Amino acid sequence: ATLREAASLTTAATGEVLPSVDPATVNLSQRVPAGVVLAVVPWNAPLVLAARATAIALAVGNTVVVRPSEEAPVAAGYLLADALHRAGLPPGVLNVASTSPGDGPPVVRHLLADPRVRRVVFIGSTAVGRRIAAVAGENLVPAVLELGGKNATVVCEDADLEAWVPRLAFASFANSGQVCMATDRIVVHAARFEELTDRLAAFADAMVVGDPREEGTELGPLVNAAAAASVTRLVDDAVAQGATLRSGGRPEGLYARPTVVTGLPRSALLSGQESFGPLVSVQAAADDAAAVELANEGPYGLVASVASADPGRAEALARRIRAGAVHVNGPSVGDEPHVPFGGLGASGYGRLGGAESVRTFTDQRTFYLHGRGPAAP
């Protein structure tokens, strides 16, 4: 779908003729390719995110250098490049620069210092995004940063919990929680707090964790030992600070069970840090205003979701939540290739998707064409 959307935009970098006070002058404003695009893409959805960062850039006339994650260099770089080259992309238009673990930062700095690189797209953590932004800023390279989030789903007291618990489990635990759009926090009206927590914990307990190649497996492993250690640290710290585990717990090896936490104090690491694992906290809110306040806590603003039997109420709440995208009566995990996507605050800046990508990957240039208009009387 991402590639088809890009194919539909090959003629989207257009321009317009603007009037002049001089009747003999024609003013022409055009969008032209920016140049070389550097796309630094992550491992968690490597093929689709590599396509998101490169396809429209190519469609509007740029060349691209993909720097894939060391954890997924084949899917995030070589698989996409091979497919596009077999489809007829000329040599040198899409390039892949993979690195050994730990060698990425100097390679990215070197590429950003090259004056031919005129755009950088980074999809990944906020900590690394800050460093990318600093280097890009030094070299005056415009950047698009899709960074982390601490995403909240607000559940109103009128929500159908039988329908919503599977959606919440999907939003919180898909890909073992290793999704930037994953729900990290559920904010539910106090009247339904215990019911929702009990239902979600029971659903999580029934999920099958194991080898993803086995039929029936619902959650596979975390990406590596460092990810497992991070999830362990977050769980241990939450419990040490007084939180209650309603399901799940510490990972066993690389396998982490879906974990539901209540009573999480603000001082706990999990309260403010993106888990990037199958961990979700449930908080109670007295009313809509309190729910919005909790949803807006912290510096992030990537995605959010609102659940209510009243669509008007859900939309009204959604407009009060500070996030780049808010799903109304749908799970937080999900986007479409033609729709602008990106965050606010510590979740980054810039947008990718459809016409926004066209603007991102082109420069606006103006030409004053003197003597091209009708002769003055």
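Values in this document were obtained by computation on a predicted structure and should not be read as measured data. (Residues numbered from 1 in each chain as written. Predicted model: local features only at pLDDT ≥ 70, side-chain atom pairs only at ≥ 80, totals over all residues. Heavy atoms only, no water.)

Draft legend 1. Molecular detail of helix 8 (residues 225–240). Between its terminal C-alpha atoms helix 8 stretches 22 Å, which fits the 22 Å expected from 16 residues at 1.5 Å a residue. In this fold, the buried residues of helix 8 make contact with strand 10 (244–247), helix 9 (269–272) and strand 12 (279–285). Two or three places before A226, at the opening of helix 8, N224 has a side-chain oxygen 3.2 Å from that residue's backbone nitrogen. Backbone geometry just after helix 8 places G242 at a positive phi near 105°. (Helix = DSSP H or I, 4+ residues; strand = E, 2+ residues; numbered from the N terminus. Expected span 1.5 Å × (residues − 1). Contact = heavy atoms within 4.5 Å. Polar contact = N/O pair within 3.5 Å; in protein donor to acceptor, adjacent residues only side chain to side chain.)

Draft legend 2. Structural context of a nonpolar patch on the surface. A cluster of nonpolar side chains, L47, V74, Y78 and L79, forms an exposed patch at the surface whose accessible area comes to about 370 Å². In terms of residues, the nonpolar patch owes the most to one element, helix 3 (residues 73–86), which gives 3 residues. In this fold, V74 is placed in helix 3. Judged by relative accessible area, V74 falls into the exposed class, the value being 57%. (Patch = residues over 30% accessible without salt bridge, like charges linked within 9 Å, V, L, I, M, F, W, Y side chains within 5 Å. Areas by Shrake-Rupley, 256 points an atom, 1.4 Å probe, with all protein chains shown as cover. Salt bridge = Lys/Arg side-chain N within 4 Å of Asp/Glu carboxyl O. Buried < 20%, exposed > 50% of the residue type's maximum accessible area, 1.4 Å probe, protein only.)

Draft legend 3. Just the packing of helix 6 (residues 161–173) against helix 7 (residues 193–206), in detail. Contact geometry for helix 6 and helix 7: axes closest at 10 Å, N-to-C directions at 55°. Taken together, the axis directions place helix 6 and helix 7 in an arrangement best described as oblique. Two packed elements cross with a definite hand, and for helix 6 against helix 7 that hand is right-handed. Facing helix 6, whose interface residues are L161, E162, V165, P166, L168, A169 and F173, helix 7 presents E195, L196, R199, L200, F203 and A204. Split by residue class, the contact of helix 6 with helix 7 holds 10 nonpolar, no polar and 3 charged. (Axes fitted to C-alpha atoms, helices over the stretch in contact; angles between N-to-C directions. Parallel < 35°, antiparallel > 145°, perpendicular 65-115°, else oblique. Left-handed = near helix turned anticlockwise from the far one by under 90°. Nonpolar A, V, L, I, M, F, W, Y, C, P; charged D, E, K, R; others polar.)

Draft legend 4. Just unusual backbone geometry, in detail. Positive phi outside glycine occurs at S176, with the angle close to 55°. Within the secondary structure, S176 is located in the loop between helix 6 and strand 9 (183–189). Residues other than glycine seldom take positive phi values, yet F276 does so here, at roughly 50°. Tracing the sequence through the fold places F276 in the loop between helix 9 and strand 12.

Draft legend 5. Geometry of the pairing of strand 11 (residues 259–262). With burial as the criterion, each face of strand 11 is covered, one bearing T259 and V261 and the other bearing V260 and T262. In this sheet, strand 11 lies alongside strand 10 in antiparallel orientation, the contact comprising 3 bridges. Opposite S247, over in strand 11, you have V260 as the bridge partner. Here strand 11 pairs with strand 12 via 4 bridges, running parallel. For V260, the partnering residue across the bridge sits in strand 12 and is V280. (Pairing = 2+ DSSP bridges.)

Draft legend 6. The arrangement of the pattern of salt bridges in detail. Counted under the stated rule, the structure contains 19 salt bridges. Two residues, E194 and R246, come together in a salt bridge whose shortest N-O distance is 3.4 Å. Of the two residues, E194 is situated in helix 7 and R246 in strand 10; the sequence distance between them amounts to 52 residues. Of the residues examined, E194 reaches a relative accessible area of 44% and is grouped as partly exposed. Beyond isolated ion pairs, a larger network of salt bridges with shared partners links E157, D158, D288 and R313.

Draft legend 7. Summary view of the sheet that holds strand 5 (residues 94–96). In spatial order, the strands read 5-4-3-6-7-17; together these 6 strands make up an open sheet with mixed pairing. Two strands bound the open sheet, and with one partner strand each, they are strand 5 and strand 17 (348–349). Here 3 bridges tie strand 4 (residues 63–68) to strand 5, and the two strands are oriented parallel to one another. Considered in strand 5, the bridge of V64 is made with L94. Sitting on the sheet, helix 4 (residues 104–113) touches strand 3 (36–41), strand 4 and strand 6 (117–123), and the angle it makes with strand 3 is about 160°. Along the sheet face, helix 5 (residues 126–138) touches strand 6, strand 7 (143–146) and strand 17 and points at about 170° away from the line of strand 6.

Draft legend 8. Fine view of the sheet that holds strand 18 (residues 362–370). Sheet architecture is open: 3 strands sit in the order 1-2-18, paired in antiparallel fashion. A single partner strand is all that each edge strand has here, and the edge strands are strand 1 (15–18) and strand 18. Direction aside, the axes of adjacent strands within the sheet are offset by 20° on average. Inspection of the sheet shows strand 2 (residues 25–33) paired to strand 18 by 9 bridges, in the antiparallel sense.

Draft legend 9. Spatial organisation of the side chain of S305. Relative to the assigned elements, S305 resides in strand 14 (residues 303–307). Those residues in contact with S305, other than ones at most four positions away along the chain, are A152, T153, V154, W164, V326, H327, G330, P331 and S332.

Draft legend 10. Focus on the nonpolar core. One finds V41, A53, I56, V64, L94, V121 and F361 to be the most contacted residues of the largest nonpolar core, which totals 28 residues. Sorting the residues of this core by element identifies strand 3, helix 2 (46–59), strand 4, helix 3 and strand 6 as the ones contributing at least two each. Considering each element in turn, this core owes the most residues, 8 residues, to helix 2. The contact partners of F361, leaving out residues within four places of it in the chain, are V32, P33, A34, V37, A53, I56, A57, V60, N62, R119, V121 and L352. Of all hydrophobic cores here, the second largest spans 20 residues; its members include I186, F193, V260 and A307. (Core = buried A, V, L, I, M, F, W, Y, C linked by side-chain atoms within 4.5 Å.)

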